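Observations on the three-dimensional arrangement
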Amino acid sequence: MNEKLIILWSFVKTRWFSFFWNKKNLRKRQRRLFTKQVSLIKRISPFYMKNSDLPIIDKSILMEQFNDINTVNIDKSQAMEFALASECTRNFNNKMEGITIGLSSGTSGHRGLFLVSDKERAFWAGTVLAKTLPKRHLFGVKIAFFMRADSALYETVNSRLVKFQFFDMQNDMEKNIRDLSVFAPTILVAPPSCLLCIAHANSTLRIHPKKIISIAEVLEHSDAETIKSAFGVHVVHQIYQCTEGFLGATCEYGILHINEDIVQMEKEMLDETRFVPIITDLKRCAQPIVRYRLNDVLIEKKERCKCGSPFLALEKIEGRCDDVFEFEGEKGTVSVFPDFIRRCLLFVDDVGEYRIQQRSTSEIAVLADDLSEEVKERIYNEFKKVSINFKFFMPHIVFLPYDYDLSRKLKRVERLC
Ligand SMILES: [Zn+2]
């Protein structure tokens, strides 16, 4: 099947066929696809020929065993060289032996390499479009997409139906914003940090996207509110997408649902509602993703979503596992989830843009502008309450001016030690 047909086929299938599913037949379908996918992978992936018990893997194992896991015979060092060269020249349209190679962000020692075949790419494009395009008025959709790195992946969706323009976040933001004004998108897709930047410029810019989609970074509730009021929209949509796959999208009520039609998710529970996801991509073969532990903490929504979807609904993506703060307590190390740290500032008025960083077990830095002594004291008291609740020794808090570099991912809550 050629690529355009695959896009159309997966679009139609995702958009209209999933309406007929309920929890029971969704599980049945998942089991069938899982069995089929695993039996295929055990035949074609050298790693899974040897490890037929399907061990849980993570990014470091996926990278260590790269040559054995992938089924398209691509060598890791060559792929890395290829991906780095694409990044240097910022030409992301080349393919290596018909396979698109993606490089996931992260510190240089932890960069991940991801492989996608043309067929998988087309399937991905159809699914993303089906889950994100408006329900009506399909013609004349114009999507503006802000990213730190382009990938041939996104070019796939350009067609007569959908106009698509990529904005490189490494370019001058003022120029990007001028170009955005000319393009006048109906859908704006960008990381929240970039959406905020555009929101602040919107009084002069005057674009009126009908739909705003947040990607790549955790969308904080307060940032979503700012973005909503700047663009006059009711919902800031989210796509939960990473190099490991297209994992979820929001419904019309703004609730994030996991794409259980293409991904099977096991949960490693941390408490009653928080969990670390272990995913199996039910479609990808070039680089199989089987029982892959993500570095994310998700919070499950307890009640059923009003939209009626049988797909797992999330309260929110809380953050990366790496950003769970760790303090010393009388009985040893105490872990505190980002949500509790974030709330220390949310309960205090008069705080604009902020970042909270843990710099050591005994020091936290709060980066924000124009904090009065009174506000600083209120923040200190909020942290004090958390330290009493969780029984850890109160760390020292330093207050610094807000700073943030748009070329990096924005994390409001971040552990640096
Ligand atoms: Zn829903």
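Notes on the structure follow. What you see is a predicted model, and the numbers here were worked out from it, not measured in a lab.

What counts, and at which threshold
Residues numbered from 1 in each chain as written. Predicted model: local features only at pLDDT ≥ 70, side-chain atom pairs only at ≥ 80, totals over all residues. Heavy atoms only, no water. Helix = DSSP H or I, 4+ residues; strand = E, 2+ residues; numbered from the N terminus. Buried < 20%, exposed > 50% of the residue type's maximum accessible area, 1.4 Å probe, protein only. Contact = heavy atoms within 4.5 Å. Donors = N, O, S within 2.8 Å, 3.2 Å for Na, K, Ca; no water. Tetrahedral: all angles 85-135°; square planar, octahedral: opposite > 155°, others 65-115°. Salt bridge = Lys/Arg side-chain N within 4 Å of Asp/Glu carboxyl O. Axes fitted to C-alpha atoms, helices over the stretch in contact; angles between N-to-C directions. Parallel < 35°, antiparallel > 145°, perpendicular 65-115°, else oblique. Left-handed = near helix turned anticlockwise from the far one by under 90°. Nonpolar A, V, L, I, M, F, W, Y, C, P; charged D, E, K, R; others polar. Expected span 1.5 Å × (residues − 1). Arc of directions from axis to C-beta.

Another aspect to go through is the side chain of His257. Inspection of the secondary structure assignment puts His257 in strand 9 (residues 256–258). Exposure remark for His257: the relative accessible area of 4% places this residue in the buried category. When residues no more than four places from it in sequence are discounted, the contact partners of His257 are Leu247, Gly248, Ala249, Cys251, Cys305, Cys307, Ser309, Phe311, Leu312 and Ala313.

Along the chain, the position of Gly126 falls in helix 7 (residues 118–132). Relative accessible area serves as the criterion here: at 0%, Gly126 is assigned to the buried category. Sequence-wise, Gly126 and Cys307 are 181 residues apart; in three dimensions their C-alpha atoms are separated by 22 Å. With residues near it in sequence (within four places) discarded, Gly126 still touches Ile7, Ser10 and Phe11.

Let us look at the coordination of the zinc ion. By definition of the ideal shapes, four donors in a tetrahedron about a metal sit 109.5 degrees apart, and six donors in an octahedron sit 90 or 180 degrees apart. Around the zinc ion, the protein supplies Cys251 (SG), His257 (NE2), Cys305 (SG) and Cys307 (SG) as donor atoms, at distances of 2.1 to 2.3 Å. Between the 4 donor atoms coordinating the zinc ion, the angles at the centre fall across 102 to 113°, so the site counts as tetrahedral. Motif for the zinc ion, donor spacing along one chain: C-x5-H-x47-C-x1-C.

What follows concerns the pattern of salt bridges. Applying the stated rule across the entire model yields 24 salt bridges. The partner of Lys131 in a salt bridge is Asp261, with the nearest N and O atoms 3.2 Å apart. On the criterion of sequence distance, the pair formed by Lys131 in helix 7 and Asp261 in the loop between strand 9 and strand 10 (263–269) is long-range, its members being 130 residues apart. The class of Lys131 is buried, set by a relative accessible area of 17%. The partner of Asp323 in a salt bridge is Lys411, and the shortest N-O contact between them spans 2.9 Å. With Asp323 in the loop between strand 14 (313–320) and strand 15 (325–329) and Lys411 in the loop between strand 19 (396–400) and strand 20 (413–415), the pair connects residues that are 88 residues apart, well separated along the chain. Accessibility expressed as a relative area gives 4% for Asp323, which makes it buried. Judged by relative accessible area, which is 26%, Lys411 ranks as partly exposed. A single network of salt bridges, built from pairs that share partners, joins Glu220, Lys316, Asp339, Arg342 and Arg343.

Taken N-terminus to C-terminus, the directions of helix 1 (residues 3–17) and helix 7 make an angle of 40°; their axes are 7 Å apart at the nearest point. The angle between helix 1 and helix 7 places the two elements in the oblique class. Crossing geometry of helix 1 relative to helix 7 is assigned as right-handed. Two secondary-structure elements touch here, helix 1 through Glu3, Ile6, Ile7, Trp9, Ser10, Phe11, Thr14 and Arg15 and helix 7 through Asp118, Lys119, Arg121, Ala122, Phe123, Ala125, Gly126, Thr127, Leu129, Ala130 and Lys131. When grouped by side-chain class, the residues that make up the contact of helix 1 with helix 7 number 9 nonpolar, 4 polar and 6 charged.

Before going further, it helps to examine helix 1. Between its first and last C-alpha, helix 1 extends 20 Å over 15 residues, near the 21 Å set by a 1.5 Å rise per residue. Within helix 1, the full set of buried residues consists of Ile6, Ile7, Ser10, Phe11, Thr14 and Arg15. One side of helix 1 holds all its buried residues, which, seen down the axis, span an arc of 140°. Structurally, helix 1 contributes buried residues whose contacts are with helix 7.

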